[in-house]
Amino acid sequence: MRIALGVLLAGCLGIVVVGQVPANKRPLGPAINTKAFRELLPLVSADGQTLYFTREDRGEIAAAALQAQVDAQLAEVKGSLAGLDPAMRAEMETLLAESMKSARPVQPSGRMHQSVYTSRRGPDGRWGAAERLPPPLAHDAITLWAGSVLPDNNTLLVAGELVSNPLDFAARGKELEALVAQGGGDFFSMLGRTAPGGEISPAGDKSRLFAWAKRTATGWTAPEPLRLRNFTNTSERLDMFLAPDGRHIVLSIVNAQSVGKRDLYVSALGADGVWQTPRNLGTSVNTTSDELSPFVAPDGKTMYFSSNRPGGQGFDIWMTRRQDQSWLRWTPPVNMGPEINSPQDDMNLAVDAVGLYAFMSIGPLGQEDIYEFALPAALRPRPVAFVRGRVTDPEGRPLPASIVYEFLRDGNGAGQANAAPADGRYQIALPIGEDYAFRGLAAGYVAVSDRLDLRKTTESTVIDRDLVLVPLEVGQTIRLNNVFFDTAKAELLPESRRELDRLAQLLRDMPSLVIEVRGHTDAVDAADVNLRLSNARAAAVVTYLVAAGTTPTRLNSQGFGEQQPIASNDTDTGRQQNRRVEFLVVSK
């Protein structure tokens with residue numbers, strides 16, 4: 001399959017070829033844009049503070065690195081002359097100087113090469129100097145680009161070249177250089193040689209084309225290959241975008257199910273960790289023309305894509321909104337209009353979480369720069385809540401945890417974030433109007449759950465929410481935040497099932513674990529009433545766990561009523577914190 005031209009995204013993906021830049025779009029300036037190189041494929045983090053983009057050169061970066069090595073070696077040779085006698089030293093220095101004058105500087109290869117760069121927005125709103133991502137996400141001779149960034153800003157979907165182990169950049173750089181030297185080609189031709197055929201299977205080499213990379217305390221992990229099941233693409237182009245929930249990928253491909261040419265498909269993450277067979281989005285989105293360069297906004301519903309369908313001027317940016325959880329029902333696509341689209345081909349629009357600003361790569365072919373512009377209100381994504389915080393242990397030490405969000409109404413996944421190992425910080429954008437359960441996961445710690453109710457939220461907002469994960473040790477008390485009862489009653493509500501099922505699974509995984517379930521109340525009613533209610537609620541949890549298969553001798557329950565408050569009972573917030581169910585680790 002001739003995939004290389006589309007995969008590398010050079011010239012046809014992520015650019016807008018125009019003679020004049022529309023007045024409503026402004027370049028990001030010399031900290032980002034250069035005269036010597038192409039700046040392509042902008043991606044912005046959900047908080048709008050970090051920009052990722054692809055910079056393309058023609059071997060200049062590799063040539064500069066090699067020249068620096070040559071210069072360093074010459075300097076080393078010159079330094080080694082210091083131990084010679086003066087006459088011999090003078091003679092050798094003269095010979096060395098003459099050699100350096102006649103030496104030809106290292107020349108660029110002329111082969112296409114791409115790297116991912118990043119920039120942070122400063123307090124004044126300006127973007128800082130762009131820096132290339134460090135190894136293992138960079139190599140002077142290996143092409144790599146970023147296709148998506150999750151809202152946590154700690155997880156990238158990247159793509160790179162195919163060699164025998166395509167994502168081991170540090171180890172395979174010399175191998176790639178040798179292959180290029182032998183074949184006289186670049187990534188375009190090498191990709192075609194290395195990956196014939198059309199199907200990507202979990203064991204196939206081309207399943208390694210796209211991969212995860214996660215932030216570490218000192219940089220980024222080596223990419224972990226992303227695997228797709230029953231994937232076929234007969235186009236020489238491949239577009240792929242990871243939705244903000246981290247569980248759906250939208251692809252632009254051609255196969256037997258395509259309505260016309262390149263269509264948009266969706267692949268869902270399976271329970272086995274393999275992405276499932278892509279499904280065509282149908283005629284509500286796809287036409288007999290081309291649909292490509294999808295971007296799913298942080299609200300998880302608004303999608304921007306490019307199409308040359310009737311009603312536009314060549315390839316234009318169009319917008320549609322997802323209508324249900326199937327990912328197959330969408331509103332009729334709307335052309336973004338002359339404020340966004342130009343008479344030439346427009347592709348690859350990226351939007352921040354609030355939806356105020358969009359980013360595109362614009363300019364004559366080979367001279368593209370990154371531009372930023374305001375989105376009209378009618379074309380913005382739906383409002384989201386931007387949730388951020390730190391994940392720590394009880395002593396305040398940061399934890400490299402995962403934070404999983406679910407819809408409380410049905411337990412389906414709503415999104416996932418990874419906390420930065422260096423400081424435990426995480427962030428995620430969640431669509432408003434929903435009630436969420438979320439929990440932090442880290443090896444050796446109890447998955448502490450919490451609730452975030454956004455059903456009455458109507459505008460974009462920022463919520464600070466720290467998570468403290470408790471080690472599973474004897475004497476530790478762990479709160480069950482998502483266990484619910486009606487007021488003054490002890491019958492468990494259906495929304496409690498997910499939380500209690502996870503506790504039941506923990507007891508199955510640790511057959512020697514013994515716990516005591518504890519109930520607490522606020523101080524609104526009489527003390528004896530509160531004590532009876534807390535005892536009944538703790539007993540209800542034990543009854544559920546026994547019904548789920550836990551041996552009764554491993555469980556005990558006790559109610560404390562209003563005797564052990566953790567906040568003031570003089571406020572609604574304090575009383576809500578005091579009404580709680582928790583468990584004590586008795587033995588393990």
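These figures come from a predicted structure and were not determined experimentally. (Residues numbered from 1 in each chain as written. Predicted model: local features only at pLDDT ≥ 70, side-chain atom pairs only at ≥ 80, totals over all residues. Heavy atoms only, no water.)

1. Observations regarding the overall build of the chain
Alright, step 1. When you go through the chain residue by residue, the secondary structure sums to eight helices and 34 strands.
Alright, step 2. A burial count over the chain gives 51% of its 588 residues as buried.
Alright, step 3. Taking contacts inside the chain between residues at least 6 apart in sequence as the whole, the part at least 24 apart equals 62%. (Helix = DSSP H or I, 4+ residues; strand = E, 2+ residues; numbered from the N terminus. Buried < 20%, exposed > 50% of the residue type's maximum accessible area, 1.4 Å probe, protein only. Contact = heavy atoms within 4.5 Å.)

2. With respect to the sheet that holds strand β17 (residues 302-307)
Alright, step 1. With antiparallel pairing, four strands are arranged side by side in an open sheet as β16-β17-β18-β19. Each edge of the open sheet is held by one strand with a lone partner, namely β16 (291-296) and β19 (334-335).
Alright, step 2. Judged from the four bridges that link them, β16 and β17 form a sheet pairing that is antiparallel. By the bridge assignment, V296 is partnered in β17 with M303. (Pairing = 2+ DSSP bridges.)

3. Some details on the packing of helix α6 (residues 497-509) against helix α7 (residues 527-547)
Alright, step 1. Direction vectors running N to C along α6 and α7 enclose 60°, while the axes themselves pass 10 Å from each other. Between α6 and α7, the angle falls in the class oblique. α6 and α7 meet at a crossing whose hand is right-handed. Two secondary-structure elements touch here, α6 through R497, L500, D501, L503, A504 and L507 and α7 through V541, Y544 and L545.
Alright, step 2. Looking at the contact of α6 with α7 residue by residue, the classes come out as seven nonpolar, no polar and two charged. (Axes fitted to C-alpha atoms, helices over the stretch in contact; angles between N-to-C directions. Parallel < 35°, antiparallel > 145°, perpendicular 65-115°, else oblique. Left-handed = near helix turned anticlockwise from the far one by under 90°. Nonpolar A, V, L, I, M, F, W, Y, C, P; charged D, E, K, R; others polar.)

4. Some thoughts on the side chain of K25
Alright, step 1. Here K25 shows up in the loop between α1 (4-7) and β1 (26-27).
Alright, step 2. Nearest to the buried, unbridged K25 among oppositely charged side chains is D346, at 6.4 Å.
Alright, step 3. Only 3.1 Å separates the side chain of K25 from the backbone oxygen of E339, close enough to count as a polar contact.
Alright, step 4. In this structure K25 touches E339, I340, M360, I362, Y371, E372 and F373, once residues within four positions along its chain are discounted. (Lys, Arg positive; Asp, Glu negative; His and termini not counted. Salt bridge = Lys/Arg side-chain N within 4 Å of Asp/Glu carboxyl O. Polar contact = N/O pair within 3.5 Å; in protein donor to acceptor, adjacent residues only side chain to side chain.)

5. Quick word on the nonpolar core
Alright, step 1. If you look at the biggest cluster of nonpolar residues, it comprises 47 residues, and the most contacted ones within it are V391, I403, Y405 and I515.
Alright, step 2. The element that contributes the greatest number of residues to this core is α7, accounting for five residues.
Alright, step 3. Excluding its chain neighbours within four sequence positions, the residues that come into contact with I515 are L503, L507, L545, R554, L555, N556, F583, L584 and V586. (Core = buried A, V, L, I, M, F, W, Y, C linked by side-chain atoms within 4.5 Å.)

6. Brief notes about the pattern of salt bridges
Alright, step 1. All told, the structure shown has 28 salt bridges when counted by the stated rule.
Alright, step 2. Between R397 and E395 there is a salt bridge, and its shortest N-O distance comes to 3.5 Å. Both residues of the pair, R397 and E395, belong to the exposed class.
Alright, step 3. Each of the salt bridges in this network shares a partner with another, and the network as a whole consists of E406, R439, E499 and R502.

7. Description of the environment of F241
Alright, step 1. Positionally, F241 belongs in strand β12 (residues 239-242).
Alright, step 2. According to the relative accessible area criterion, F241 is buried, its value standing at 5%.
Alright, step 3. Between the C-alpha atom of F241 and that of V149, which follows or precedes it by 92 residues, the distance is 9.1 Å.
Alright, step 4. Residues in contact with F241, not counting those within four places in the same chain, are L43, G147, S148, H248, I249, V250, P294, F295 and V296.

8. Some words on the confidence of the model for the chain
Alright, step 1. Averaged over all residues, the pLDDT of the chain equals 83, while 85% of them reach at least 70.
Alright, step 2. This model gives residues 1-19 a pLDDT under 50, and the stretch forms 87 contacts once residues within four places in sequence are excluded.
Alright, step 3. Confidence drops under a pLDDT of 50 for residues 175-208, and excluding neighbours within four residues, the segment shows 72 contacts in the predicted structure. (pLDDT = per-residue confidence, 0-100.)

9. Side note on α7
Alright, step 1. The end-to-end C-alpha distance of α7 is 30 Å, a good match for the 30 Å that 21 residues give at a rise of 1.5 Å each.
Alright, step 2. Within the span of α7, buried status applies to N530, L533, S534, R537, A538, A540, V541, V542 and L545.
Alright, step 3. Taken together, the buried residues of α7 touch α6, β32 (514-520), β33 (555-559) and β34 (580-587).
Alright, step 4. Just beyond α7, the residue with positive phi is G549, at close to 110°. (Expected span 1.5 Å × (residues − 1).)

10. Some words on the packing of aromatic side chains
Alright, step 1. Under the criterion given, the structure shown has seven aromatic pairs.
Alright, step 2. Aromatic pair W327 and W330: ring centres 6.1 Å apart, planes at 70°, arrangement edge-to-face. Here W327 matches W330 in class, with each residue buried.
Alright, step 3. Sitting above the plane of the W327 ring, R322 keeps its charged end 4.3 Å from the centroid. (Phe/Tyr/Trp six-rings, centres within 6.5 Å; stacked < 30°, edge-to-face > 60°. Lys NZ or Arg CZ within 6 Å of the ring centre and 35° of its normal.)

11. Points about the pairing of β33
Alright, step 1. Where β32 and β33 come together, five bridges link them in parallel fashion. Its bridge partner lying in β33, E516 is registered against N556.
Alright, step 2. Crossover β32 to β33 through α7 is right-handed. (Right-handed = clockwise from strand over helix to strand, strands pointing away.)

12. A look at unusual backbone geometry
Alright, step 1. Note that the residue after P135, namely P136, is joined by a cis bond; omega there is 10°.
Alright, step 2. When you line up the elements, P136 lands in the loop between β5 (131-132) and β6 (144-149).
Alright, step 3. Of note, the phi angle at N348 is positive, near 55°, even though the residue is not glycine.
Alright, step 4. Position of N348 relative to the elements: it lies in the loop between β19 and β20 (350-351).
Alright, step 5. Overall, the relative accessible area of 15% leaves N348 in the buried class.

13. Looking at α6
Residues three or four positions apart in an α-helix share a direction because the helix packs 3.6 residues into each turn.
Alright, step 1. End to end, α6 covers 18 Å across 13 residues, agreeing with the expected 18 Å (1.5 Å per residue, within 8%).
Alright, step 2. Residues of α6 that are buried in the fold lie against β28 (449-453), β32, α7, β33 and β34.

14. What about the sheet that holds β20?
Alright, step 1. Taken together, the four strands give an open sheet; going across it, the order is β1-β22-β21-β20, and neighbouring strands pair in antiparallel fashion. Looking at the sheet topology across the chains shown, the edges are occupied by β1 and β20.
Alright, step 2. Pairing of β20 with strand β21 (residues 357-362) involves two bridges; the strand directions are antiparallel. Looking at β21, one finds that A350 is bridged to F359.

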